[in-house]
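# Observations on the model geometry
The residues making up each chain are set out below.
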Protein chains: 2
Amino acid sequence: MLNIGIDLGGTNIAVGIVDEKGTILAQDSVPTKVGRPSQEIIRDMAVCARHTMEKNGIGMEQIKSVGVGIPGLADNKTGDVIYCVNLFWSQIPLKRELEALLKKPVYIDNDANVAALAEYMAGASKGTSSSVFLTLGTGVGSGIIINGKLWYGAHNVGGEIGHISLQMDGYHCNCGNDGCVDRYCSAGAITVMAQEEMKKTGNAELTALFEKNGMKISAREVFDLAKSGNSAALAVFERYTNCLSRTIDDIVAFLDPELVVLGGGVSKAGEFLVDAVRAKVPGLLLYKEMPFCDIKLAKLGSEAGIIGASFLQTVSES
Amino acid sequence: MLNIGIDLGGTNIAVGIVDEKGTILAQDSVPTKVGRPSQEIIRDMAVCARHTMEKNGIGMEQIKSVGVGIPGLADNKTGDVIYCVNLFWSQIPLKRELEALLKKPVYIDNDANVAALAEYMAGASKGTSSSVFLTLGTGVGSGIIINGKLWYGAHNVGGEIGHISLQMDGYHCNCGNDGCVDRYCSAGAITVMAQEEMKKTGNAELTALFEKNGMKISAREVFDLAKSGNSAALAVFERYTNCLSRTIDDIVAFLDPELVVLGGGVSKAGEFLVDAVRAKVPGLLLYKEMPFCDIKLAKLGSEAGIIGASFLQTVSES
């Protein structure tokens, strides 16, 4: 049997038909067009799913379930979206509406949980019992696996490591607090740190990069400049990896998982990033002579959203 | 059947004979006299246990097991003490040696885990499935219960919430990092904050309290002064409860337990402390409209060490 995995993002709705091993057999996407009524967006999910199946000769009788990862807070028991700030959604009965359209059982979850699940079922954390997945993207999301299951907490509000404190009086965060991990470990943090470094040092190459792009710069550009040996970009990389390493140390001190997996856009820096973090974390640990978690890059990249969503029924049954 | 619970501290070895409901039937203590060979300290545990039983007419045949809470890192599988910095212990086969002396199965664990277990089996967190216990004492210790079991992590190095970061560039911590929760939420933190407040404001009452005690002040004295309405002491109380509230918010954002339990010396401030924290935490939460954990005071006080240790066999079997 196959499952449909849907990754609902602020820009696109990505739909995939996925086998039970987590291999995507077919996929397509349509623009989300944020601002439309939720019913229209949900209808487009169904249309895109049916269309993808038809184009690839997959019949509805081959489909066991549908999973959807949403960029917000999901009640995975009722299947309601509690809210998605970026989509202006609040209390949307996503499961009920999508089941009415596709006539298959629908499961929903938060996108960071879904990506953590994908890595656990078919990626970097496969075979481990406890792991923490960090998405280092526009913000910092996380999903926690404990005893082989996604950890939802007692009220469905946990697994938000992006909002634990690194620096209580630090950068202001959209959540209302100051100094959250999100403000120091996201892609946006790299941009802010690069701006500060440019102002502080006046580094010519870094300034040129900012000016070339109308004073905008991406995390990737900063890290590419660091790889080339530019001192200001290396200082940003140093600061960023210090913050990320301290966050991983916090995860060890709190939960001590078997594995920490780094995903999201920033993790595309690959070994350059993970090598730096692996070198720094041991020096931060409370018990410096004891074993601690592996730190690995996510394996599934941007397809984790589709793959993880396709597994939501499987894990809800276990 | 009864169990022996032993609370090994830096000052005293407290021994109790405990029934299966967690009621202490008899107890006694002897000085630890730190610096002696571990064999002598372990022998004193056994002697004190036998003596307490004899004095209270309890025979060895009534004893099922012995549990010991240690102020350090325990390998609860082998029963070896990995290390106790305060006792200058490293790699001590505590289980093996104490079993040889008492001829009963011995179980050991970290003292914060033991106190968390006591509250879970017979105190504030009884009946919950997930909880975090914080001991606000000389340092900040913690014990985590997940799915009704003590959480040891994958390498036995977790449950150290005292060493997650609140303020990355803040007060230096003995662990080597800066700005750990320990430096902002322990009894010692209250003393440091009071010193800073005294220097900043020159507050007469606070200064007098310092001078009365040869420039030493306890957390309790600062909080008592705050209760009386002194502005400088209230400023310390405000700062301390801000830090503790942010730590609880971090626990919610990370793990989202059913309950957070506050124990240790600082928690003796009682409702004065917990009311302040309960008032502050909701404003810090990421999901402000969602339910979150209860925050309660520990129930068992200083006896939690004996009671929790007495339950170590029970939970190791489950």
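Rules and cut-offs
Residue positions are given per chain, counting from 1 as you read along its sequence in written order. Each chain gets a letter, beginning with A, and each ligand a number, beginning with 1, in the order they are written. Totals for whole chains, interfaces and linings use all residues, but because this is a predicted model, local features are given only for residues with pLDDT of at least 70 and pairs of side-chain atoms are given and counted only at 80 or more. Computation of side-chain values covers all heavy atoms of the structure but excludes hydrogens and water. Residue contacts follow a heavy-atom distance rule, with two residues in contact if any of their heavy atoms lie within 4.5 Å. Accessible area that two parts lose when put together, evaluated with a 1.4 Å probe and summed over both, is termed the buried area. Take a side-chain nitrogen of Lys or Arg and a carboxyl oxygen of Asp or Glu: if they are within 4 Å of each other, that pair is a salt bridge. For the purposes of these results, a polar contact is taken to be a pair of N or O atoms within 3.5 Å, where, inside protein, one atom must be able to donate a hydrogen and its partner to accept one; residues adjacent in sequence count only when each atom of the pair is a side-chain atom. Helix and strand definitions here come from DSSP, where helices need a minimum of 4 consecutive H or I residues and strands a minimum of 2 consecutive E residues; each element is numbered from the N-terminal end. Patch criteria: residues need more than 30% relative accessible area and no salt bridge. Like-charged residues are merged within 9 Å; nonpolar side chains of Val, Leu, Ile, Met, Phe, Trp and Tyr are merged within 5 Å. Note that accessible areas follow from Shrake-Rupley with a 1.4 Å probe, and for residues the cover is restricted to the protein chains shown. Under the convention used here, Asp and Glu are negative, Lys and Arg are positive, and both His and the chain ends fall outside the count. Note that the charge is assigned to NZ on lysines, CZ on arginines, CG on aspartates and CD on glutamates. Throughout, exposure labels follow a simple rule: accessible area from a 1.4 Å probe, protein chains only, divided by the maximum for the residue type, with under 20% read as buried, over 50% as exposed, and the rest as partly exposed. The copies are overlaid by a least-squares fit using only the C-alpha atoms of residues whose pLDDT is at least 70 in both copies. Here, strands pair whenever DSSP counts at least two bridges between them. Lines are fitted to the C-alpha atoms to define the axes, a helix being fitted only along its stretch in contact, and any angle between axes, read from their N-to-C directions, falls within 0 to 180 degrees. It is the directions from the helix axis to the C-beta atoms that the arc portrays. Per-residue confidence from the predictor is reported as pLDDT, a score between 0 and 100. Our angle categories are set so that under 35 degrees counts as roughly parallel, over 145 as roughly antiparallel, 65 to 115 as roughly perpendicular, and the remainder as oblique. Handedness of a crossing is defined here by the sense of rotation of the near helix relative to the far one, left-handed for an anticlockwise turn of less than a right angle and right-handed for a clockwise turn. Any residue that is not Ala, Val, Leu, Ile, Met, Phe, Trp, Tyr, Cys, Pro, Asp, Glu, Lys or Arg is counted as polar, Gly included; the first ten are nonpolar and the last four charged. Stacked, tilted and edge-to-face are the three classes assigned to paired rings of Phe, Tyr and Trp, where Trp is represented by its six-membered ring and a pair needs centres within 6.5 Å; plane angles under 30 degrees give stacked, over 60 edge-to-face, the rest tilted. Counting as a charge over the ring demands two things of the Lys NZ or Arg CZ atom: a distance within 6 Å of the ring centre and an angle within 35 degrees of the ring normal.

Before going further, it helps to spend a moment on the interface of chain B and chain A. The interface is formed by 53 residues belonging to chain B together with 52 residues belonging to chain A. Both faces combined, the contact of chain B with chain A buries some 4700 Å², and carbon together with sulfur accounts for 60% of it. The interface formed by chain B and chain A contains zero salt bridges. Inspection of the region where chain B meets chain A yields 39 residue pairs in polar contact (both at pLDDT 80 or more). Secondary-structure elements contributing two or more residues to the side of chain B that touches chain A are β6 (80-84), β10 (140-146), α8 (231-254) and α9 (271-284) of chain B.

All names here are of chain A. On the surface, Lys21, Lys126, Lys296 and Lys299 cluster together into a patch of positive charge. Within the secondary structure, Lys299 sits in the loop between β13 (294-297) and α10 (304-310). For Lys299, a relative accessible area of 62% puts it in the exposed group.

The full count for this structure, using the stated rule, is 28 salt bridges over all chains. In this structure, the salt-bridge partner of Glu196 of chain A is Arg239 of chain A, at a minimum N-O distance of 3.0 Å. Placement of the pair is Glu196 of chain A in helix α5 (residues 187-201) and Arg239 of chain A in helix α8 (residues 231-254), with a sequence separation of 43 residues. Its relative accessible area of 34% is what places Glu196 of chain A among the partly exposed residues. Notably, a salt bridge pairs Glu271 of chain B with Arg278 of chain B, separated by 4.0 Å at the nearest N-O pair. The partly exposed category is assigned to Glu271 of chain B, whose relative accessible area is 45%. For Arg278 of chain B, a relative accessible area of 38% translates into the label partly exposed. Connected via shared salt-bridge partners are Arg36, Glu40, Arg43 and Asp44 of chain A.

Mapping chain B onto chain A leaves a residual RMSD of 0.0 Å; the transformation is a rotation of 180 degrees accompanied by 0.0 Å of translation along its axis. One copy is carried onto the other by what is essentially a two-fold rotation axis. Scanning chain B for the C-alpha nearest the rotation axis identifies Gln167 of chain B, at a separation of 1.9 Å. The share of interface residues of chain B whose copies in chain A are also at the interface is 98%, consistent with both copies meeting through the same surface.

All names here are of chain B. With mixed pairing, the five strands of this open sheet are ordered in space as β11-β10-β9-β12-β13. Since the sheet does not close on itself, it has two edges, and those belong to β11 (149-150) and β13 (294-297), each with one partner. Pairing of strand β9 (residues 131-136) with β10, which is carried by six bridges, proceeds in the antiparallel orientation. Looking across to β10, one finds that Leu136 is bridged to Val140. Across the sheet, helix α3 (residues 111-122) is in contact with β9, β10, β11 and β12 (259-263); its angle to β10 comes to roughly 50 degrees. On the sheet, α9 packs against β9, β12 and β13 and is oriented at approximately 170 degrees with respect to β13.

What follows concerns helix α6 (residues 204-212) of chain A. Residues and elements named next belong to chain A. Residues of α6 that are buried: Leu206, Thr207, Leu209 and Phe210. Buried residues of α6 fall within an arc of 160 degrees about the axis and therefore sit on the same side. Every exposed residue of α6 that faces more than 90 degrees away from the buried side is listed here: Ala204, Glu211 and Lys212. In this structure, the buried residues of α6 make contact with α5, α7 (219-227) and α8.

Per-residue confidence for chain A gives a mean pLDDT of 96; residues scoring 70 or more make up 100%. Taken together, the chains of this predicted complex give a pTM of 0.96 and an interface ipTM of 0.96.

So, on to the packing of helix α1 (residues 38-55) of chain A against helix α2 (residues 94-102) of chain A. Residue and element names in this part refer to chain A. Where α1 contacts α2, the axes come no closer than 10 Å and their chain directions differ by 40 degrees. With respect to α2, the element α1 is oriented oblique. Considering only the axes of α1 and α2, their crossing is right-handed. Here Gln39, Ile42, Arg43, Met45, Ala46, Ala49 and Arg50 of α1 come into contact with α2, specifically with Leu94, Glu97, Leu98, Leu101 and Leu102. A class-by-class count of the residues in the contact of α1 with α2 yields eight nonpolar, one polar and three charged.

Next up on the list: the pairing of strand β3 (residues 24-31) of chain A. All names here are of chain A. The sheet contact formed by strand β2 (residues 12-18) and β3 spans seven bridges and is antiparallel. Within the sheet, the bridge partner assigned to Val15 lies in β3 and is Asp28. Connecting β2 to the antiparallel partner β3 that follows it, the hairpin turn spans five residues, and Gly22 within it adopts a positive phi of roughly 95 degrees.

With respect to the helices and strands, Ser267 of chain B occurs in the loop between β12 and α9. With near-sequence residues (within four places) excluded, Ser267 of chain B lies in contact with Leu262, Leu273 and Leu297 of chain B.

Turning to the packing of aromatic side chains, a few remarks are in order. A ring pair, where both rings are aromatic, is described by two values, the distance of the centres and the angle of the planes. Under the definition given, this model contains 13 aromatic pairs over all chains. Pairing Phe223 of chain A with Phe272 of chain A gives two aromatic rings, centres 6.5 Å apart and planes at 80 degrees, and the pair type is edge-to-face. Here Phe272 of chain A lies in helix α9 (residues 271-284) and Phe223 of chain A lies in helix α7, a separation of 49 residues in the sequence. A centroid spacing of 4.1 Å and a plane angle of 15 degrees characterise the contact between Phe254 of chain A and Phe254 of chain B, whose relative ring orientation is stacked. Here Phe254 of chain A is found in helix α8, whereas its partner Phe254 of chain B is found in helix α8 on a different chain. Both residues of the pair, Phe254 of chain A and Phe254 of chain B, belong to the buried class. One aromatic cluster in this structure is built from Phe223, Phe237, Tyr240 and Phe272 of chain A. In this structure, Lys95 of chain A is placed above the aromatic ring of Tyr107 of chain A, and the distance from its NZ or CZ to the ring centre is 4.9 Å.

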